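The residues making up each chain are set out below.
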Amino acid sequence: MFPSLPQRLLIAGSALVGSLAIGWAAGPLGGAVGFPGISLLSAEVSPVWATAIALVAMLPAVVLSLVLAWRGNPLAGIFVAAVSLTALACLGGSTDGWLWRAALPGAYGSLIVEAAIWAGLWAAVIALIAVVRKRSGADDALPHHGRLHFGLPDGASLLAGLLCAAIAGTIAWFLVANTHTGQVVGGLIVAFAVAACVSQLLVPKAANPLPMLASPLLVAVVGYAWMLLSYDTDTALLRDWHRLRLPGLALALPIHYASAAMVGLSFGIGWAHGILQGQPTANATYPASS
């Protein structure tokens with residue numbers, strides 16, 4: 001079931017408030033030498049302080065996401081937090097600044113570490129949402145496999161997650177054509193929304209969304225590892241950058257995967273659930289959101 005009009009307005013309002021509250025962090029999280037592009041490991045402040053600032057900046061959006069998840073669809077809470085983080089990524093500027101200030105190609109190794117840090121922050125947010133849902137009793141009417149929970153995913157959920165990563169990675173590889181913020185953010189949203197929807201429809205029994213929510217980390221690691229293996233010197237890499245020959249996966253920073261990709265995922269999974277709920281055979285697996 002798609003959200004009602006009041007729910008949509010609440011989601012939109014929460015996303016707006018979260019976005020406005022998170023914007024102040026764009027300055028200190030920017031490049032240490034004045035170039036744009038948010039990176040926790042090459043920010044104006046130390047990596048520890050950058051991570052702490054990111055946590056504080058995300059707090060209002062996380063609180064709003066927990067409120068939305070209290071009795072509504074948990075995906076709405078993830079969506080609001082992701083939209084708010086996307087606003088921060090947009091305010092931080094394009095990937096060009098990071099490419100200028102980074103020691104290439106080795107710096108792509110640090111991006112793998114940073115992608116894991118953002119994934120850890122998201123794991124904490126999702127864990128909070130799961131706890132809130134359990135405490136509120138909102139999941140009591142749902143079967144166990146319909147809840148947002150941690151634990152060892154089943155085979156269907158793992159398959160859906162791998163499919164999602166493969167489809168999203170392929171689309172983003174070609175769709176993200178340059179480092180402009182709109183290109184990167186828009187490309188990742190479209191890629192992961194389509195991938196999540198298609199994967200959920202192809203594997204309708206994949207009721208645990210965690211593997212799909214982890215797919216941005218996998219895609220980011222593959223893209224960054226490709227750069228480490230493909231280039232030996234910064235000269236060749238920068239030449240291909242200026243000639244627009246770099247793969248789309250390498251043009252997105254970890255914050256783009258942590259924000260825009262999560263927006264696409266939450267939308268795509270919800271979209272697929274809406275389609276499946278309209279099918280008589282799917283009602284038992286995907287009950288209407290409370």
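Residues numbered from 1 in each chain as written. Predicted model: local features only at pLDDT ≥ 70, side-chain atom pairs only at ≥ 80, totals over all residues. Heavy atoms only, no water.

### Structural notes on the overall build of the protein chain
Point 1. For the protein chain, the count of helices and strands is eleven helices and zero strands.
Point 2. Helices and strands appear in the protein chain in the N-to-C order α-α-α-α-α-α-α-α-α-α-α.
Point 3. Looking at the protein chain as a whole, 52% of its 290 residues qualify as buried.
Point 4. Across the protein chain, contacts joining residues at least 24 apart in sequence account for 79% of those joining residues at least 6 apart.
Point 5. Accessible area of the protein chain: about 12400 Å², with a carbon and sulfur share of 72%. (Helix = DSSP H or I, 4+ residues; strand = E, 2+ residues; numbered from the N terminus. Buried < 20%, exposed > 50% of the residue type's maximum accessible area, 1.4 Å probe, protein only. Contact = heavy atoms within 4.5 Å. Areas by Shrake-Rupley, 256 points an atom, 1.4 Å probe, with all protein chains shown as cover.)

### Some details on the packing of helix α2 (residues 47–71) against helix α5 (residues 107–136)
Point 1. Running from amino to carboxyl end, α2 crosses α5 at an angle of 30 degrees, the nearest separation of the two axes being 10 Å. For the element pair α2 / α5, the angle class is roughly parallel. Two packed elements cross with a definite hand, and for α2 against α5 that hand is right-handed. Counted together, Thr51, Ala54, Leu55, Met58, Val62, Ser65, Leu66, Ala69, Trp70 and Arg71 of α2 and Ile117, Trp118, Leu121, Val125, Leu128, Ile129, Val132, Arg133 and Ser136 of α5 form the full contact between these two elements.
Point 2. Each residue belonging to the contact of α2 with α5 can be placed in one class, and the counts come to 14 nonpolar, three polar and two charged. (Axes fitted to C-alpha atoms, helices over the stretch in contact; angles between N-to-C directions. Parallel < 35°, antiparallel > 145°, perpendicular 65-115°, else oblique. Left-handed = near helix turned anticlockwise from the far one by under 90°. Nonpolar A, V, L, I, M, F, W, Y, C, P; charged D, E, K, R; others polar.)

### Focus: the packing of aromatic side chains
Point 1. The final tally for this structure, using the stated rule, is six aromatic pairs.
Point 2. Aromatic side chains Trp98 and Tyr108 sit 5.1 Å apart centroid to centroid with 75 degrees between the ring planes, which places their arrangement in the edge-to-face category. One end of the pair, Trp98, is in helix α4 (residues 96–101); the other, Tyr108, is in helix α5, with ten residues separating them in the sequence.
Point 3. Of the residues examined, Trp98 reaches a relative accessible area of 3% and is grouped as buried.
Point 4. Measuring from ring centre to ring centre gives 5.9 Å for Phe267 and Trp271, while their planes differ by 50 degrees; the resulting arrangement is tilted. Taken together, the residues Phe267 and Trp271, both in helix α11 (residues 254–277) and four residues apart, mark about one turn of the helix.
Point 5. We classify Trp271 as partly exposed; its relative accessible area is 37%. (Phe/Tyr/Trp six-rings, centres within 6.5 Å; stacked < 30°, edge-to-face > 60°.)

### Here we look at the environment of Ala260
Point 1. With respect to the element layout, Ala260 can be found in helix α11.
Point 2. For Ala260, a relative accessible area of 0% corresponds to the buried category.
Point 3. Sequence separation between Ala260 and Pro216 is 44 residues; the distance between their C-alpha atoms is 9.6 Å.

### Section: the side chain of Ser215
Point 1. Of note, Ser215 is situated in helix α9 (residues 215–230).
Point 2. The class of Ser215 is buried, set by a relative accessible area of 1%.
Point 3. Ser215 has contacts with Gly161, Cys164, Ala165, Phe192 and Leu265, leaving out every residue within four places of it along the chain.

### Section: the side chain of Ser94
Point 1. You can see Ser94 is positioned in the loop between α3 (74–91) and α4.
Point 2. Here Ser94 is in contact with Pro36, Gly37, Thr179 and Thr181, once residues within four sequence places are set aside.

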